[in-house]
Amino acid sequence: MTLNLTIAERLRRSGVSRRHFLTFCGKLMVVAPAGLAITNFISPNAVAATIGRARRPSVIWLHMQDCTGCTETLLRTSEPDLASLLFDVISLDYHETVMAASGHDAEAALHDAMEQNKGKYVLVVEGSIPTKENGAYLKIAGRNGIDMLKDVAANAAAVISMGSCSSWGGVPSSNINPTGATGVDSIIKDKPVINIPGCPPNPYVLLATILEYASTGKVPKLDALGRPKFAYDKTIHEHCPRRAHFDAGQFAAQFGDSGHREGWCLYKLGCKGPVTHAPCSTRHFNEVVDCWPIGIGAPCVGCTEKDIAFTVPIFTTADIKRPFPPDNYPLVNPEHKPVSPIATGVAGLVGGALLGAGFLASRKMGDDSTDAPKE
Amino acid sequence: MRTDRRAFFKSFAAAAATLTVLPTTAEARAKKTAPSDAVGMLYDTTMCIGCKACVVACKETNDMPADTDGYGHGLYDSPDSLNQYTKNIIQLYKDGDEQSYAKKQCMHCIDPACVGACMLGALQKGKFGVVSYDVSKCVGCRYCETVCPFNVPKFEWAKAAPKIVKCELCKDRLAEGKEPACTAVCPRKAVIFGKYTDLLDEAHRRLQNSPGKYVNKVYGEKELGGTQVLYLSHIDFEKIGFRFQQDESVPHLQQSVTHGVYKGFIGPVALYGLLGAVMFRNRGKNSDKES
């Protein structure tokens, strides 16, 4: 597990073609069009040169209360070579799912990785950490999750929460949260934690974040919830390919109806796009275009957002805070609504009463003028 | 009361004499012109694409709430016209193939009807010729809303402490040297901001350079005493909602009469003097008759 090799050297040694590496760099540029130093170039060659110079960072990956989906997303590629590319770009020194060792050997691997890369490794956490019953709901090698996390995070250079579970608690934390599941930043408070929420998130967001750190030594700009701004600054709605249908008021009302088949907006089916910050609308999954929920006609469930995911029912419509004008227009001369019968009735009654009162009063006035002067 | 012919003619002559004290009213009020620092906007319907960026920018700059009661399924900000939530709007005129967008907001008239009608001076023509509103002087009588020929000032019916809502040409931004939000954001420069005289020249230049493209008039140059927001259109101005074509401003006749009648307060004093004299002359007459 040597770190003396730069990424470029390691790739060369592993026989990964330059073309594959450039393709990978191109994908990073799509994932982070703005806001990252390593992709702030106009060609993949420049990105490759920057990343190639960096030392392969040691990554220690901890699984807590997870479904392993975030690991799966990292391995989900359509090009078989890319999986090996991942392991040549980062040095994945401890990962319970993919490592060859198990049992005592695995524990030794973790210990060695921490010792040899003390203060330099990147800790990635997948899964929520249970806190009830003193963390008894998760134990690995006799230690509970909280202690394990604190121990490994102590000498980590950067801590990344991969997925919604480690970012804010995820599925295990939904009502009634029997295990007291919580995110990493509730436990690790003495260093910055980068949250990459999503269920699962786009793996390239994780890779771009790790590589930015490895290349520049700096963490990307984070928002108030600790999420990298280059990926989480916009809502799904802002970049949704179906936005024109929303603006024109074309909605799918039921799964399978004609609107749904036409690819119309899924807002009425409960799409949480307007209130969900995530990069999915422009960075799709599995490296296949349109391979993302809305792309295949399923409304977004807001899996990155703590207040939405697994809390607000999937088919409940989202509350839009800043509605913009739709595609239709008010007319210069709108048709006037007809006067209601009640209004006509009331007006008639009032008018009649006034006329009647006036008539009676005039009769009284006539009487006055014919009064004879008092003696 | 009974009176004889002589007495009647005496009183009639006295009244006529009183009236001649009033100065001639017809030309008493000078026609107003644009102030020297006047700024304005020029809107060209041939360039507007109806994107409504100006509507959005106005709402955001002025922190106005969305109006979801309109035609927008309850989802969108979709005002039907200017209202208490909307200071600027894009409307559509469509008749078969003939179509035009129309941007509506305060016209910042040179001789505004609302300023003339406002009893307490809440609406004033201020810096840069912007018709500005001071809520601290407003009593909510809505004369301004009634009298405006462009139907611009809108009363906040839905509020317990209502005010009048209308475009004020982003006067706070003007004070910082910026242009209004709507003109700043327009992607095709269909509505532009500038000095009133420059905009008038630009409008005439466009009319001259493309004679067949526009109706040969700059709306607002003379209409209703002139407005600081000028319009160029490819179809009749009546169709896009400008019903009034006369040159005389709304306050002109009204203020000519009222300023004339009340000039120096001579008229009221004379009239009440006459009435007082009559009452004085008739005091004690009824009691005399009865005894």
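Residue indices begin from 1 for each chain and proceed along its sequence in written order. Going through the entries in the order they are written, you letter the chains from A and number the ligands from 1. Given that this is a predicted model, residues contribute local features only at a pLDDT of at least 70 and side-chain atom pairs are listed and counted only at 80 or more, while totals for whole chains, interfaces and linings are drawn from all residues. Excluded from the side-chain calculation are hydrogens and water; included are all heavy atoms of the structure.

Trainee: Help me out: how do you make sense of the packing of helix H2 (residues 18-31) of chain A against helix H3 (residues 44-53) of chain A in this one?
Mentor: Packed helices, taken two at a time, are described by their axes: the angle between them and the distance between them. Residue and element names in this part refer to chain A. Throughout, an axis means a line fitted to C-alpha atoms (over the contacting stretch in the case of helices), and angles, computed between N-to-C directions, take values from 0 to 180 degrees. Secondary structure elements follow DSSP: runs of H or I no shorter than four residues count as helices, runs of E no shorter than two count as strands, and numbering proceeds from the N terminus. Their axes nearest at 8 Å, the elements H2 and H3 cross at an angle of 100 degrees. If you check the angle between H2 and H3, you find them roughly perpendicular. Every residue of H3 that contacts H2 at Arg 18, Phe 21, Leu 22, Cys 25, Gly 26, Leu 28 and Met 29 is listed here: Pro 44, Asn 45, Val 47, Ala 48, Ile 51 and Gly 52. Throughout this entry, Asp, Glu, Lys and Arg are counted as charged residues, while Ala, Val, Leu, Ile, Met, Phe, Trp, Tyr, Cys and Pro are counted as nonpolar. The remaining residues, Gly among them, count as polar. Classifying every residue of the contact of H2 with H3 gives 9 nonpolar, 3 polar and 1 charged. Roughly parallel here means an angle under 35 degrees, roughly antiparallel means over 145, roughly perpendicular means 65 to 115, and every remaining angle is called oblique. By the convention used here, residues are in contact when the closest approach between their heavy atoms is within 4.5 Å.

Trainee: Just checking my understanding: could you explain the side chain of His 252 of chain B for this structure?
Mentor: Here His 252 of chain B is to be found in helix H8 (residues 250-261). The residues touching His 252 of chain B, leaving out its near neighbours within four places in the chain, are Arg 29 and Asp 111 of chain B.

Trainee: Would you mind going over H2 of chain A with me for this structure?
Mentor: In an α-helix, one full turn covers 3.6 residues, which means residues spaced three or four apart are oriented alike. Multiply 1.5 Å by the residue count of a helix minus one, and that product is the helix's expected span. Here H2 of chain A spans 20 Å end to end across 14 residues, near enough to the 20 Å set by a 1.5 Å rise per residue. Considered for burial, the residues of H2 of chain A that qualify are Phe 21, Phe 24, Cys 25, Gly 26, Leu 28, Met 29 and Val 31 of chain A. Only protein chains enter the accessibility calculation, which uses a 1.4 Å probe; a residue whose area is less than 20% of its type maximum is buried, one above 50% is exposed, and one in between is partly exposed.

Trainee: Sorry if this is basic, but what is going on with the interface of chain B and chain A here?
Mentor: The figure often quoted for interface size is the accessible area lost as the parts come together. With 30 residues of chain B at the interface, the matching set in chain A holds 18 residues. Here a polar contact is taken to be a pair of N or O atoms separated by no more than 3.5 Å, where protein atoms must pair a possible hydrogen donor with a possible acceptor and residues adjacent in sequence count only if both atoms sit in side chains. In this assembly, chain B and chain A are joined by 5 residue pairs in polar contact (both at pLDDT 80 or more). At the level of elements, helix H2 (53-61), strand E2 (89-95) and strand E3 (98-104) of chain B are the ones that each hand at least two residues to the side of chain B that touches chain A. No other element matches the 5 residues that E2 of chain B contributes to the side of chain B that touches chain A. Within the side of chain B that touches chain A, the residues separate by chemical class into 17 nonpolar, 6 polar and 7 charged.

Trainee: Even after reading the chapter, I still don't get the sheet that holds strand E9 (residues 193-196) of chain A, so can you show me in this structure?
Mentor: Pairing between the strands of a sheet is mediated by backbone hydrogen bonds and can be parallel or antiparallel. All names here are of chain A. On the basis of which strands lie adjacent, the open sheet formed by 5 strands has the order E2-E1-E3-E7-E9 and parallel pairing. The sheet is open, and its two borders are formed by strand E2 (91-95) and E9, each paired with just one other strand. In this sheet, neighbouring strand axes are inclined to one another by 25 degrees on average, regardless of whether the strands run parallel or antiparallel. Paired strands, as defined in this entry, are two strands with at least two bridges between them according to DSSP. Examined bridge by bridge, strand E3 (residues 122-126) and strand E7 (residues 158-162) share 5 bridges and lie parallel to one another. When the bridges of E7 are listed, Leu 123 appears paired with Val 159. Here helix H6 (residues 103-116) sits on the sheet and contacts strand E1 (58-63) and E2; the angle it forms with E2, its principal contact strand, is near 135 degrees.

Trainee: Is there a simple way to explain the sheet that holds strand E9 (residues 229-232) of chain B in this structure?
Mentor: Residue and element names in this part refer to chain B. Read from one edge to the other, the open sheet built from 3 strands follows the order E8-E1-E9, with strand pairing classed as mixed. The open sheet terminates on both sides in strands that have one partner only, identified here as strand E8 (191-195) and E9. With direction set aside, neighbouring strand axes in the sheet form an average angle of 25 degrees. Relative to E8, strand E1 (residues 39-44) is paired through 5 bridges, and the arrangement is antiparallel. Note on E8: the bridge partner recorded for Gly 40 is Gly 194. Sitting on the sheet, helix H7 (residues 196-209) is in contact with E1, E8 and E9, with an inclination near 130 degrees to E8.

Trainee: I keep staring at helix H7 (residues 145-154) of chain A and nothing clicks. Help me out?
Mentor: Residue and element names in this part refer to chain A. Those residues of H7 that sit buried are Gly 145, Ile 146, Met 148, Leu 149, Val 152 and Ala 153. The buried side chains of H7 occupy one side of the element, clustering within an arc of 165 degrees when seen end-on. Its side-chain oxygen 3.2 Å from the backbone nitrogen of Ile 146, Asn 144 forms the N-cap of H7. Arc definition: it is the arc formed by the directions from the helix axis to the C-beta atoms.

Trainee: What is the right way to read the pattern of salt bridges from this model?
Mentor: Oppositely charged side chains may form a pair once their charged atoms are brought near each other. Put simply, a salt bridge is a Lys or Arg side-chain nitrogen that is within 4 Å of an Asp or Glu carboxyl oxygen. Counting across every chain of the model gives 17 salt bridges over all chains. Residue Asp 233 of chain A pairs with Lys 234 of chain A through a salt bridge whose shortest N-O separation is 3.6 Å. The partly exposed category is assigned to Lys 234 of chain A, whose relative accessible area is 30%. With a shortest N-O distance of 2.9 Å, Asp 77 of chain B and Lys 59 of chain B are connected by a salt bridge. Here Lys 59 of chain B lies in helix H2 and Asp 77 of chain B lies in the loop between H2 and E2, a separation of 18 residues in the sequence. One network of salt bridges, with partners in common, ties together Asp 44, Glu 202, Arg 205 and Arg 206 of chain B.

Trainee: I keep staring at the environment of Lys 189 of chain B and nothing clicks. Help me out?
Mentor: Residues and elements named next belong to chain B. Its location among the elements puts Lys 189 in the loop between helix H6 (181-185) and E8. Overall, the relative accessible area of 40% leaves Lys 189 in the partly exposed class. Each C-alpha atom, one on Lys 189 and one on Asp 44, is 8.7 Å from the other, the two residues being 145 residues apart in sequence. Leave out the neighbours within four places in its chain, and Lys 189 touches Met 47, Thr 183 and Ala 184. Among the polar contacts made by the side chain of Lys 189, one reaches the main-chain carbonyl oxygen of Thr 183 at a distance of 3.3 Å.

Trainee: For this particular structure, what's the right way to read the nonpolar core?
Mentor: A general tendency of soluble globular proteins is for nonpolar side chains to be buried together. Residue and element names in this part refer to chain A. By nonpolar core is meant a set of buried Ala, Val, Leu, Ile, Met, Phe, Trp, Tyr and Cys residues that side-chain atoms within 4.5 Å join together. Ile 51, Val 124 and Leu 206 are the most contacted members of the largest nonpolar core, which totals 39 residues. At 7 residues, the largest contribution of residues to this core is made by helix H9 (residues 203-216). When sequence neighbours within four positions are dropped, the list of residues in contact with Ile 51 reads Ile 7, Phe 21, Cys 25, Leu 28, Ile 38, Leu 211 and Ser 215.

Trainee: Could you clarify how one ought to interpret the pairing of E2 of chain B in this entry?
Mentor: Regular strands place side chains that alternate from one sheet face to the opposite one. Residues and elements named next belong to chain B. The element E2 is extensively covered by neighbouring structure, given that 5 of its 7 residues are classed as buried. Pairing between E2 and E3: 7 bridges, direction antiparallel. Within E3, the residue paired with Tyr 93 across the bridge is Ser 100. Hairpin connection of E2 to E3: 2 residues between the antiparallel strands, including Gly 96 at a positive phi of 65 degrees.

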